[in-house]
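Structural characterization, general
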Amino acid sequence: MEPIGKSMKNVTNRPDFKKRLSSLKEEVLANPDIQAFISANSSKIDEAVIEISLNKLYEYTQQSIECRDCPSLGECKNLLQGYHPELVLQGKTIDLQYDQCPTKVVSDQRKKHESLIKSLYIPKDVLAAQFQDIEFDDHSRVKVFGLIKEFMEAADQKKRQKGIYLHGAFGVGKTYIMGAIANELAHKNIPSMLVYLPEFMRELKNSIQDSTLDEKMDAVKKVKVLMLDDIGAESMSSWTRDEILGVLLQYRMTENLPTFFTSNFDLKELEHHLSYTQRGEEEKVKAARIIERMKYLATPVKLEGANRRQ
Ligand code: ADP
Ligand code: MG
């Protein structure tokens, strides 16, 4: 019997094998990420390193990086669903290190938020909301769209961003627009939380006893982009107004965290609503303070249109 080393040599010396190897090498070296990696490490990577790493480099070309080729997490084409490779140099070989891909990071974050905040409350149709389906035809909608566009562009440039206080009649599509923003942000891998405020306030009141209050408040306080849906529809007590809403807004102001609101009230009407607590006491100064914070965080704009609820 021939020694194994010798028989391998025979195989690798065969012309068809050599041809396949060189076309594989060509394919691998055509990959722009690989090109960039090689030129960034040009002092350490020579022909020998590339040849010994061909297997790994080929594996890299077959994976979707940054979720570019995967429409969703469920349709992830990678070897390890939800993970994408990064090229790393280890001594004299190039290896792959698999990390969570952006879609998985956002999806895990959303799952965590959902399990923590029941009042996250996103109706199915809102979850599916897409900008392409929204008609920004009349004057007020053009303005809303302009503000959203500005916001999204600033998100790309990582500048400080002002949210929107979207007010208007019941059923004109305010919550739906927030859903579309949340979806658009998710595409950009920016986590956001859409919180139905009346439910959230109820939940917080019920959490005082079970000590999850701080944890819930923290998640909402710190999320990258927060949307408080239907402010003004809750029954406000001085505790929820000052200790919850006031503290929440103060934190987001000092940390420069983008915050959106929707309401059936304009700011003037909301101020009036916030002036009266459940006990009917009038507390104008405290209400004015909340409104000031909201104005700092968000640009008010009225959404007009027909009631879309049947
Ligand atoms: P609001 O929050 O202003 O009270 P919603 O956003 O809840 O109104 O919208 C009312 C209903 O109309 C919802 O069922 C929503 O799914 C639907 N809707 C709103 N805007 C659109 C839209 N652009 N395209 C399709 N359906 C919409
Ligand atoms: Mg709504």
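Look above for the structure.
Attention here is on the structure that accompanies the text. (Residues numbered from 1 in each chain as written. Chains lettered and ligands numbered in written order. Predicted model: local features only at pLDDT ≥ 70, side-chain atom pairs only at ≥ 80, totals over all residues. Heavy atoms only, no water.)

1. What about the site of ligand 1?
Definition in use: A single heavy atom is enough: if one lies within 4 Å of a molecule or strand, its residue is considered near that molecule or strand. N or O atoms within 3.5 Å of each other form a polar contact, as long as, within protein, one can give a hydrogen and the other can take it, and as long as residues adjacent in sequence are counted only when both atoms are side-chain atoms. Note on residue categories: nonpolar means Ala, Val, Leu, Ile, Met, Phe, Trp, Tyr, Cys or Pro, charged means Asp, Glu, Lys or Arg, and polar means any other residue, Gly included.
As a matter of local geometry, ligand 1 sits amid 13 residues, with Asp125, Gly171, Lys174, Thr175 and Arg309 nearest to it. Between valine 172 and ligand 1, the recorded distance is 3.3 Å, taken from a backbone N or O atom to an oxygen atom. Take lysine 174: an N or O atom from its side chain is 2.8 Å from an oxygen atom of ligand 1. Across the shell around ligand 1, the residue classes tally to five nonpolar, three polar and five charged.

2. Quick look at the pairing of strand S5 (residues 225-229)
Applied cut-off: Buried residues are those whose accessible area, probed at 1.4 Å on protein chains only, stays under 20% of the maximum for their type, while exposed residues exceed 50% and partly exposed ones sit between those limits. Only DSSP runs of H or I covering at least 4 residues are called helices, and only runs of E covering at least 2 are called strands; the numbering of each starts at the N terminus. Strands pair, by our definition, only if DSSP identifies at least two bridges between them.
Across the five residues that make up S5, a large majority, five, are buried. Every second residue of S5 is oriented toward a common face, with Val225, Met227 and Asp229 on one face and Leu226 and Leu228 on the other, all of them buried. Inspection of the sheet shows S5 paired to strand S6 (residues 259-263) by three bridges, in the parallel sense. Counted as the bridge partner of leucine 228 is phenylalanine 261 from S6.

3. Things to note about the pattern of salt bridges
When charged atoms on two side chains of opposite charge get close, those side chains can pair. Put simply, the rule is: The salt bridge criterion pairs a side-chain nitrogen of Lys or Arg with a carboxyl oxygen of Asp or Glu, the two atoms within 4 Å.
Following the criterion strictly, the structure yields 14 salt bridges and no others. Across the pair aspartate 108 and lysine 104 runs a salt bridge whose closest N-O atoms are separated by 3.3 Å. You can see aspartate 108 and its partner lysine 104 sitting in helix H6 (residues 102-116), four residues apart, about one turn around the helix. For lysine 104, a relative accessible area of 17% gives the class buried. Between lysine 216 and glutamate 203 there is a salt bridge whose closest N-O contact spans 3.2 Å. In this pair, lysine 216 is assigned in helix H11 (residues 213-222) and glutamate 203 in helix H10 (residues 197-207), connecting sequence segments 13 residues apart. Assigned by exposure class, lysine 216 and glutamate 203 land together as buried. Taken together, the shared-partner salt bridges connect Arg241, Asp242, Glu283 and Lys286 into one network.

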